[in-house]
Amino acid sequence: MGSMKSGSNANDPTLAFVREDFLQLPQYSPVKPLDVLAAEIGVSIPELVKLDANENLYGPMSEVLEAIANLQHAHIYPDPAQTHLRAALANYVGCQPENVVAGVGSDELLDLVIRLVDPLSGIVTAPPTFGMYSFLGKLSKCKVIDVPRSSAPNFQLDIEGIVDAVENQGARLVFIASPNNPTGGLISDDEVRRICATNCILVVDEAYAEFAGDSTVGLLSEFPNLIVLRTFSKWAGLAGMRVGFSIAHEKLTEKLMAIKQPYNICLAADVAARAALAVKDKIMKEHVEPIVAERRRMQVLLHEFEWLEPMPSVSNFILYKVHAPMDAGKLYMLLRQLAVLVRYYPNGSLAGFIRISAGRPSDTDALVKALRKIETEHLQQSNKKFKDLEALIFDMDGVLAEVSQSYRKAIQFTAKSYGEEVTQEDITAAKLKGNANDDWKLTQRLLKERGVNIPLEEVTEKFQEFYLGTDTQIGLRELESLIPSRGLLLELRKRCKVGMAVVTGRPRDECLFFLDQYKLRGLFVDKNGAPALVCMNETPSKPSPEPVLLALKQLGVTDPSKTIMLGDTPDDIRAAKAAGAAAFGVVTPGNSLDGELALALSESGADQLLRPGLFELLDILAESSRDIVVAPEPASSVRLPSFGNSSAVRSATIERKTKETSIKCFVNLDGTGSHKIDTGIGFLDHMLSALSKHSRVDINVKCVGDLWIDDHHTAEDVAITLGEAFDTALGPRKGIARWGYALCPLDEALSRAVVDISSRPHAHVSLGLRRESVGTLSTEMIAHVIESFATSARLCVHVECLQGENDHHRSESAFKALAVAIRMSISADKSAGVPSTKGVLA
């Protein structure tokens, strides 16, 4: 239905009296209305193919519309007892009116059910599932206990995990969607009985029951602790009317009636729902049955596309896994450009999936036509390597350098020094509008918009104090980090016949500072070894094509069409296109391929969209066996003290500083498993020690982090730094086994890990942890540590705990399995050369 986005600014004085937990609460982001979507895409409403919200696209029956048109007594409050509506609903499901309550959609009833229980009680959800369960639970200060389903394609419920959450973790409410949104499967009667046998209320959300022809309503007579929810939004085509209802024991229903808003169902919704019930057989025959048939037809037609794998579904939608060579995020954006809307999941266990609603035959035909067009014009084209690529042109900020804590913070701090608040969202919005390549001028403009007129020279001076630092204050530029790995950039340089250049709005000295910090200057040079850079005030700013054309001139490239420009703003894309180069949009860290930035880049003319890190370029640029001589680096401005046996061949030391953490990490891939780990989080130290010992990789880590806040930044940044060190130590990735796999037990727990040193970072981690924390490390971070390490190290990693009762044992067996798989994958195999048919693992 919707997705989550970041919450409000906790430092805003106007929020002083707002509940503290609301300050960082992710906001539920629903789907946009038709007129807004049509305007954004640039089509009329009838041209939209809306397959993203599981709606009944046939709409309400004519009898329902007629009943609404003939509505009377709209000036009188509706019946708070819902007398006629409850009677009609009871007749529909075969119970008594005393068992039914109507709500403003099933969402209101979810909220009411949660309010029934003690706020300190826990609620259980089974992700991936409908996000409102967790969202509403947090609003009521309930502990939300996630008991994940099994992996695709079956997404089976972990019934014993749910029972454990009730019996041992204090949960009093269990929410199960059946059919489950977005996976499409049902809960069985036996599973209902098993959960209802425990001390809890089980809520079965049957929003899609009419499409499945299955319901748990028949079990209500057995279990007074069972509540079933239904809605008119899907089968009856009344999503805009917001009518749902619950069926439960009369005593629970009495309490729900007591705490609901008195006049919650408006007169129009009441009339529409009763009119729909009066023609329910007609709706089933003319709408529901055709939608189910269309779901089956859609699945058959989409078999044509080998990169789309359907998950089993009994609802009015199908969840698809998007396989290579297609990418789910790109597919979402390309379909959107063709006015076909589907649901995309950029993160979590459904990363790489899309959900497609079943519509009318015309909608399916339009979907298939769009997919064929994408396969012909984009997928087949993207499979054609850039064999004649001569140059890559990089924007710096957001593409090479992560600057959310440096340049963007300097804008915020400068504005604040003049008494004005500027948010990261404000800066992003300004960047997306264009003509925002100079952060000094952008800061001045943002101040002027707030009624503060300051000379540019004064703004610049204040900005630089924050960015460069002073005698008493460290500069924000010290918090910048490299987004793509140096190893990847080396490989990209090999694949360019002529070279690479940087086009940036930074002053030249600040550009060189960053390149020297990460030993990159030698990658961006002309044929004579001089820096191939175009910086602030050296040409008119982007979106003018002149910076790009000057960079090509420096490299000696005469045909811009043999060049790709990589940028993260519309200005970058427009400059590249105007210069005659291919323009690849790069989304910045924290953004996804379905967000506003990706949309703006696409609308600006980007030929392709890439994720942070640029690893997808390895699939686009033709491989090269040529050797390159990288110009020697100047003395780095960053000095790393001795930290471990740096004389080892496959070893590396990485230092990483952010606002929240300061980390130094050494790894030696050819070690003995010796380790010295000090992160400040005992259980994390224990897991990394196990990783070192069983992989035989020497690991030394020292971290000072903001543990007085929580464990997130420390755990994540340690994993990222460890991954960077691992990546650097691997070097050219030649002469190694590449693959590793292991099954490792720890008492009752058993975990499996598979590692592929593919340079295509991906992590699937399913540990099934049930406690909130192990020691002082939150369980959500345990999996996140593995994910962050794998992404940073550019590994493909699959780690699953197959069984186990104790979360400590489950976690440790997972890290041990990962360690053994890593040991196997990095082991020497001189006969392997580069173990890839592509000839490269960089």
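Residues numbered from 1 in each chain as written. Predicted model: local features only at pLDDT ≥ 70, side-chain atom pairs only at ≥ 80, totals over all residues. Heavy atoms only, no water.

**Student:** I keep staring at the sheet that holds strand 12 (residues 317-322) and nothing clicks. Help me out?
**Tutor:** What holds strands together in a sheet is hydrogen bonding between their backbones, with the strands either parallel or antiparallel. The 4 strands are arranged 11-12-15-14 in an open sheet whose pairing can be described as antiparallel. Only two strands of the sheet have a single neighbouring strand rather than two, namely strand 11 (308-310) and strand 14 (343-345). Each strand axis lies, on average, 30° off the axis of its neighbour in the sheet, ignoring direction. In this sheet, strand 15 (residues 353-357) lies alongside strand 12 in antiparallel orientation, the contact comprising 5 bridges. Within the sheet, the bridge partner assigned to Leu319 lies in strand 15 and is Arg355. Against the sheet, helix 12 (residues 280-301) contacts strand 11, strand 12 and strand 15, and its axis sits at roughly 20° relative to strand 12. (Pairing = 2+ DSSP bridges. Helix = DSSP H or I, 4+ residues; strand = E, 2+ residues; numbered from the N terminus. Axes fitted to C-alpha atoms, helices over the stretch in contact; angles between N-to-C directions. Contact = heavy atoms within 4.5 Å.)

**Student:** Help me understand the pattern of salt bridges, please; the structure alone is not making it clear to me.
**Tutor:** Opposite charge on two side chains allows them to pair when their charged atoms are near. All told, the structure shown has 42 salt bridges when counted by the stated rule. One salt bridge in this structure joins Lys50 and Glu55, with 3.0 Å as the shortest N-O distance. In this structure Lys50 comes out as buried when scored by relative accessible area, which is 9%. Between Arg495 and Glu491 there is a salt bridge, and its shortest N-O distance comes to 2.8 Å. The pair formed by Arg495 and Glu491 is uniform in burial state, with each residue classed as buried. Through salt bridges that share partners, Lys32, Glu40 and Arg336 make up one connected network. (Salt bridge = Lys/Arg side-chain N within 4 Å of Asp/Glu carboxyl O. Buried < 20%, exposed > 50% of the residue type's maximum accessible area, 1.4 Å probe, protein only.)

**Student:** Would you mind going over the packing of aromatic side chains with me for this structure?
**Tutor:** Two aromatic rings are characterised by how far apart their centres lie and by the angle between their planes. Throughout the structure, instances matching the rule amount to 17 aromatic pairs. Taken together, a centroid distance of 4.6 Å and an interplanar angle of 15° make the contact between Tyr77 and Tyr263 stacked. Of the two residues, Tyr77 is situated in the loop between helix 3 (62-69) and helix 4 (83-93) and Tyr263 in the loop between helix 10 (250-259) and helix 11 (267-278); the sequence distance between them amounts to 186 residues. Judged by its relative accessible area of 66%, Tyr77 is exposed. According to the relative accessible area criterion, Tyr263 is partly exposed, its value standing at 42%. Between Phe514 and Tyr518 the ring centres are 5.1 Å apart and the planes differ by 50°, which places this aromatic pair in the tilted class. (Phe/Tyr/Trp six-rings, centres within 6.5 Å; stacked < 30°, edge-to-face > 60°.)

These figures capture arrangement, not role.
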